[in-house]
Amino acid sequence: MTNTMTAYRSALVHTLNNPAHCKIEDAYEYYADGLLVVENGLITHAGDAESLLGELPVGTEIIHYPDAIITPGFVDTHIHYPQTEMIASYGEQLLDWLENYTFPTENLFKDPEHASRVARVFLDELLRNGTTTALVFGTVHPESVDAFFTEAQHRQLRMIAGKVMMDRHAPDYLTDTAISSFEESKALIEKWHNKDRLAYAVTPRFAPTSTPEQLDAAAKLLTLAPGLYLHTHLAENKKECAWVSELFPENRSYLDVYDQHQLLTERSIFAHGIYLDDDDCCRLHKTGSSIAFCPTSNLFLGSGLFNLQKMESHKVNVGIGTDVGGGTSFSMLQTLQEAYKVTQLQQQRIDPIKSLYLATLGGAKALRLDDKIGTLLPGTEADFTVLDLASTPLIKARMANASSITDQLFVLMMLGDDRSIQATYSGGRCVHQR
Ligand code: GUN
Ligand code: ZN
């Protein structure tokens, strides 16, 4: 964390409420000429430059980003770091994709050096894309999680991750047991959970690759310390759902499998959730569980169209996940672009302010971190992103016709990518400068 006070002069925008449940005007704050004041890694002020400049102690450094917008750092609520180097693998849908590409790739993470190298590439890529916090899958190897947390701790980032638990229906070289997964996860929790800005997520891959005994072990792990997360996949693909009904014939639904094993909590994040009925949505709401909407992955793997409106009507927490390597981009802007298209195909539409909410405060709320990240409010951590309004010739040309902050955000979401991230800050430190 930095010890000196620094002020950033730029346009500022952040959300304070979910636009699904309030008037748009009440959902966000915008300062066309804003000042963000940071001290000791925390935001102390965010507001109009004109009124705040006079209050700054003499000699405070002021960094100008004149043709830019500062937003809270993006929050990626579902991603696999071991799949970084298999992104964009051709031709399959979920179950074959797992068998043909994912499992062989994940096997490489038994080697700690390989894991460390990929963790570095992965974190560089997140920061290049303005993402400051992510909920991250490791592999079944505890070494993969050690490598990830070591690198994230070194960079003083706020990250959540966990070891995959998988004791059936996967190659022998990639399976653990209910007992070994419990012991290995427990050791990782003791080593990493709540160390600096890190937290641990208990991570059964998905219902088909865990026995009921392993799902029980996951629930027991959640009781070992306060603040532990549950991170898994849910109802992503039709064949997967049919397989779950075969494997768990007693359960009413896919979600019910997790529910029966006490895995629905306020800190449970389920990736995808495309094939859910009203009862499932009610359970998600009632238990305070969250869904990671992963549009690029859902389109790339041909999984289906996530129904955001249905989740909103049930007041289910939703964040955005890139789901790399099933997802095709680390860029939250590109992911929001696909999210917009997914809703368009269902006669819905995501307002740009709602997109900003989903990528920042919505994700922070899903992770129960909204007192620390997701806004530019005083007292929160200075994790923020500087979006360049002229990062490509086309964006620059289109921005000339953008008449409002919502229009500017929309253009960035439809046309922007890593090139639009001018700088990324974490805990008040610049962790990426384009
Ligand atoms: N379901 C189980 N494992 C995975 C995975 O690695 N990626 C995705 N997208 N879905 C899964
Ligand atoms: Zn995934």
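Coordinates for the structure precede this section.
Note that this is a predicted model, so its numbers are computed, not measured.

Draft legend 1. Region of the structure containing the overall build of the protein chain. Of regular secondary structure, the protein chain possesses 17 helices and 16 strands. Principal-axis analysis of the C-alpha atoms gives the protein chain an extent of 65 × 45 × 40 Å. Each of the 434 residues in the protein chain was classed as buried or not, and the buried ones make up 61%. For the protein chain, the share of sequence-separated contacts (at least 6 apart) that also reach a separation of at least 24 residues comes to 76%. Carbon and sulfur atoms make up 49% of the accessible area of the protein chain, which amounts to about 16,100 Å² in all. Measuring between centres, the 35 positive side-chain charges of the protein chain sit 1 Å from its 55 negative side-chain charges.

Draft legend 2. Representation of the pairing of strand β15 (residues 421-426). The element β15 is largely enclosed, with a buried count of six among its six residues. The pairing of strand β14 (residues 384-388) with β15 spans four bridges and is classified as antiparallel. Bridge assignment links Val386 to a residue of β15, and that residue is Ala423. Between β15 and the antiparallel strand that follows it, strand β16 (residues 429-433), lie two residues; Gly427 among them carries a positive phi value of about 55 degrees.

Draft legend 3. Local environment of the sheet that holds strand β1 (residues 6-15). The mixed open sheet is built from seven strands, whose spatial order is β3-β2-β1-β4-β14-β15-β16. Single-partner strands in this sheet number two, and they are β3 (42-48) and β16. Averaged over all adjacent pairs, the angle separating strand axes in this sheet is 35 degrees, with direction ignored. Sheet contacts for helix α14 (residues 352-359): β1, β2 (28-39) and β4 (61-72); angle to β1, the most-contacted strand, approximately 110 degrees.

Draft legend 4. Summary view of empty space enclosed by the protein. All chains considered together, the criterion is met by three cavities of 30 Å³ or more. What lines the largest cavity is simply His80, Gln83, Leu94, Trp97, Leu98, Arg205, Phe206, His233, Glu236, His272, Leu301 and Asp323. Among the elements that take part in the lining of the largest cavity, helix α3 (residues 94-107) stands out by supplying three residues, more than any other. Class assignment of the residues belonging to the lining of the largest cavity gives a composition of five nonpolar, four polar and three charged.

Draft legend 5. Just the pattern of salt bridges, in detail. For the structure shown, the criterion picks out 25 salt bridges. The residue Glu338 makes a salt bridge to Lys341 at a minimum N-O spacing of 3.6 Å. Of this pair, Glu338 and Lys341 both sit in helix α13 (residues 332-344), three residues apart, which is roughly one turn of that helix. What makes Lys341 partly exposed here is its relative accessible area of 38%. Between Asp417 and Arg419 there is a salt bridge, and its shortest N-O distance comes to 2.7 Å.

Draft legend 6. The packing of aromatic side chains, seen in detail. Per the stated rule, a full pass over the model turns up 14 aromatic pairs. With 5.5 Å between their ring centres and 85 degrees between their planes, Tyr81 and Phe109 make a pair best called edge-to-face. Residue Tyr81 is found in the loop between β5 (74-80) and α3, and its partner Phe109 is found in the loop between α3 and α4 (112-128); the two are separated by 28 residues along the sequence. In this structure Tyr81 comes out as buried when scored by relative accessible area, which is 1%. What makes Phe109 buried here is its relative accessible area of 1%. Taken together, the ring pairs in this structure connect Tyr81, Phe109, Phe122, Phe148, Phe149, Trp192 and Phe330 into an aromatic cluster. The cationic tip of Arg267 hangs over the ring face of Tyr229; the distance from NZ or CZ to the ring centre is 5.6 Å.

Conventions used here
- Residues numbered from 1 in each chain as written.
- Chains lettered and ligands numbered in written order.
- Predicted model: local features only at pLDDT ≥ 70, side-chain atom pairs only at ≥ 80, totals over all residues.
- Heavy atoms only, no water.
- Helix = DSSP H or I, 4+ residues; strand = E, 2+ residues; numbered from the N terminus.
- Buried < 20%, exposed > 50% of the residue type's maximum accessible area, 1.4 Å probe, protein only.
- Contact = heavy atoms within 4.5 Å.
- Areas by Shrake-Rupley, 256 points an atom, 1.4 Å probe, with all protein chains shown as cover.
- Lys, Arg positive; Asp, Glu negative; His and termini not counted.
- Charge placed at Lys NZ, Arg CZ, Asp CG, Glu CD.
- Pairing = 2+ DSSP bridges.
- Axes fitted to C-alpha atoms, helices over the stretch in contact; angles between N-to-C directions.
- 1 Å grid on protein atoms, 1.4 Å probe; cavity = no way out; pocket = protein on both sides within 12 Å on 5 of 7 lines; lining within 4 Å.
- Points joined across faces, edges and corners; volume = space filled by probe spheres on them.
- Nonpolar A, V, L, I, M, F, W, Y, C, P; charged D, E, K, R; others polar.
- Salt bridge = Lys/Arg side-chain N within 4 Å of Asp/Glu carboxyl O.
- Phe/Tyr/Trp six-rings, centres within 6.5 Å; stacked < 30°, edge-to-face > 60°.
- Lys NZ or Arg CZ within 6 Å of the ring centre and 35° of its normal.

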